[in-house]
Amino acid sequence: MRTLRLAVSALAVCVALSACGGQDGTGDTPTPTPTGAQPVTSPPSPDPSIPTPTPGDPVDPTGPALPPPTRPTGGPTKTPPAGGTTLTGTVTSGVEPNCLLLDNYLLIGGPRDLLKAGAKVTVTGRVQRDLLTTCQQGTPFLVETARRG
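As a starting point, this report considers the structure included with it. (Residues numbered from 1 in each chain as written. Predicted model: local features only at pLDDT ≥ 70, side-chain atom pairs only at ≥ 80, totals over all residues. Heavy atoms only, no water.)

### Digging into the overall build of the protein
Across its full length, the protein holds 1 helix and 6 strands. Ordering the α and β elements of the protein from the N terminus gives α-β-β-β-β-β-β. Counting over 149 residues, the protein shows a buried share of 19%. Across the protein, every contact between residues at least 6 apart in sequence was considered, and the portion connecting residues at least 24 apart equals 59%. Accessible area of the protein: about 12,000 Å², with a carbon and sulfur share of 60%. (Helix = DSSP H or I, 4+ residues; strand = E, 2+ residues; numbered from the N terminus. Buried < 20%, exposed > 50% of the residue type's maximum accessible area, 1.4 Å probe, protein only. Contact = heavy atoms within 4.5 Å. Areas by Shrake-Rupley, 256 points an atom, 1.4 Å probe, with all protein chains shown as cover.)

### Some thoughts on the state of the cysteines
Inspection of the entire model under this criterion finds 1 disulfide. A disulfide bridge connects Cys99 with Cys135, and the sulfur atoms are separated by 1.8 Å. Its torsion about the S-S bond being -85°, the disulfide of Cys99 and Cys135 is classed as left-handed. A residue pair is termed long-range when its members are at least 10 positions apart, and Cys99 in the loop between strand S2 (92-93) and strand S3 (100-102) and Cys135 in the loop between strand S5 (120-127) and strand S6 (139-148) qualify at 36 residues. Residue Cys99 shares its accessibility class with Cys135, and that shared class is buried. (Disulfide = S-S within 2.5 Å.)

### Points about unusual backbone geometry
In this structure, Asp103 is a non-glycine residue whose phi angle is positive, near 50°. Structurally, Asp103 can be placed in the loop between S3 and strand S4 (105-108). One non-glycine residue, Asn104, adopts positive backbone phi at about 65°.

### A closer look at the environment of Leu106
With respect to the helices and strands, Leu106 occurs in strand S4. A relative accessible area of 2% places Leu106 in the buried class. C-alpha of Leu106 to C-alpha of Phe141: the two residues are 35 residues apart in sequence and 5.6 Å apart in space. Contact partners of Leu106, with chain neighbours within four places excluded, come to Cys99, Leu100, Leu101, Thr133, Cys135, Gln137, Gly138, Thr139, Pro140 and Phe141.

### As for the nonpolar core
Core analysis: the largest hydrophobic core is formed by 14 residues, its most contacted members being Leu107, Leu115, Val121, Val123 and Phe141. For this core, the leading source of residues is S5, giving 3 residues. Ignoring sequence-local partners within four residues, the contact set of Val123 consists of Thr85, Thr86, Leu87, Leu102, Leu107, Leu115, Phe141, Val143, Thr145 and Ala146. (Core = buried A, V, L, I, M, F, W, Y, C linked by side-chain atoms within 4.5 Å.)

### Some details on the side chain of Thr122
Positionally, Thr122 belongs in strand S5. Here the side chain of Thr122 touches Thr88 through a polar contact of 3.2 Å, side chain to side chain. (Polar contact = N/O pair within 3.5 Å; in protein donor to acceptor, adjacent residues only side chain to side chain.)

Rendered as structure tokens:
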């Protein structure tokens, strides 16, 4: 009797597995394609240069990394040296409040009583390209000294 129960159980498992055999799209019955329709293709393989997360990797809540911001063209044609730099010209207002520009450089710091829109000045300082600001234009320039020009 025990052998009969075991045989019936094994037969039931075989029947269940064979019934599931064609459900993943690899069975013997092909899926008909409507006339004029394109067959469904699998998505392209992922770019191998982009790492794919594996189970157990920490989740980055900020999402994927963004490319570094690009600066608008039309600014100064020569890059100032890494050391102290002197700029001379007329200060202009930026598109955001309290943003002051001199030759497409965003003036950071310095005496605000002297650095006003329309003022002709000479400033010395250094470029700080990796500085994040709320101003939407200009290359950040850390003002060390300023005088009327």
